[in-house]
Amino acid sequence: MTLVESLRDALPVRDRAAVEHARADADRRPIAYPLGSGQAEEVALSIGLRPLIRQVLQRRDLGVARARFERSGFTCEVAPRVYGPSRDGWDGAKSSLPPDAPGARQALFVGRDRARVEEAVACDVAKTDEADRALGRLPGYPRCGVEAFVATSAHRFNTELYARAVARTRGAAHPRLNGLDLAIFHFVSWSPCAFDCALSLAYADAVAARLQRTHAPFVTAVDAALAAPRLVLLDEVQLSLRAERDGEGYLLRDAWPTARDRHPHIALDADAREAVARALALVRAAARLATTPRGLVLDGALLAGTEGAFVAPFGLGAPAG
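A quick note: this is a predicted structure, and the numbers were derived from the prediction, not measured. (Residues numbered from 1 in each chain as written. Predicted model: local features only at pLDDT ≥ 70, side-chain atom pairs only at ≥ 80, totals over all residues. Heavy atoms only, no water.)

K.L.:
I'd like to hear about the nonpolar core, residue by residue, with values.
P.N.:
By size, the foremost hydrophobic cluster in this structure holds 37 residues, and its most contacted members are Leu180, Phe185, Phe187, Phe195, Val207, Leu211 and Phe218. Listing elements by their share of this core, those giving two or more residues are helix 3 (40–46), helix 7 (143–150), helix 8 (158–168), helix 9 (198–226) and strand 10 (310–312). Setting aside residues up to four positions removed in sequence, Phe187 forms contacts with Ala40, Arg176, Tyr203, Ala204, Val207, Ala208, Leu211, Val219, Val222, Asp223 and Leu226. The next biggest cluster of nonpolar side chains, apart from the first, holds 34 residues, and it includes Val237, Tyr250, Leu282 and Leu296. (Core = buried A, V, L, I, M, F, W, Y, C linked by side-chain atoms within 4.5 Å. Buried < 20%, exposed > 50% of the residue type's maximum accessible area, 1.4 Å probe, protein only. Helix = DSSP H or I, 4+ residues; strand = E, 2+ residues; numbered from the N terminus. Contact = heavy atoms within 4.5 Å.)

K.L.:
Lay out the side chain of Ser240 in plain terms, naming residues and giving numbers.
P.N.:
Tracing the backbone shows Ser240 in strand 5 (residues 237–246). Within the structure, Ser240 has its side chain in polar contact with the side chain of Thr258 (distance 2.9 Å). Beyond its immediate sequence surroundings of up to four residues, Ser240 is in contact with Ala228, Pro229, Arg230, Asp254, Ala255, Trp256, Thr258 and Asp261. (Polar contact = N/O pair within 3.5 Å; in protein donor to acceptor, adjacent residues only side chain to side chain.)

K.L.:
Hey, could you go over unusual backbone geometry for me, with residue numbers and the actual values?
P.N.:
Phi at Asp299 is positive, roughly 50 degrees, even though this residue is not glycine. Summarising the element assignment, Asp299 is placed in the loop between strand 8 (295–298) and strand 9 (301–302). Residue Asp299 is classed as partly exposed on the basis of its relative accessible area of 46%.

So, in structure tokens, the structure goes:
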């Protein structure tokens, strides 16, 4: 049984009509997307903010993407390493996974310097800590973010990276550093060391300034979506909140499925959709939310099966004290 299936089964259904309404909300996609969810890094590459980008794509998409970049004068190489879904950890891929298996992906490296591209491919194959450091250096990621990535467990789970970034954040968690759901447009394509990292924010603001020239309404819509505090239960099970701080917890005003802000072509799978719907129905019925090492607490009651849940407090300003 997967983690998503376990969470789905652990979440109680107390109001069937509320869960059904939440399922419908999880399918909505009200933001009009003129760009792909990860296209900010292509913008950065085109204007010289990045010397190299890495896109992890399904095999069927590699040829089209490579041809598009090469028509624009870039050098491209596909690394042979095969990755599973990122929720399984960036270093949790099985080398024996067939390239055409469901969810299997490979890395496409794109840049203007062939030597840099080839070095990146070699590092992707090696997958040691030093190779991962180079994979951060070659595309121009901030050193602090690279070291934070390497310092995580061997699997490099997304949720672990995000929770550690929350723990390191001392100021306000800036919305433009919110990449917790990669199917939502994100300005930064790496996991920052913290969500108040000045180096990452300077980059994100530079990308946003460039996009403001041609897609100002979209930037406004994305900024609003990313500015909601985010409850993370699993990589694919996230809720966006309208809330205010209340000691160690949050007073709830509203909640919606984070997936609602995704690119319209990117749906939740059935198990994640059901887990999101059940969680959302429970959160909408509560007045106060908190997270502890044991899991999610709603109105003082712990929800079993939610260990590891955390809130990323985007849009709430710096914590008191």
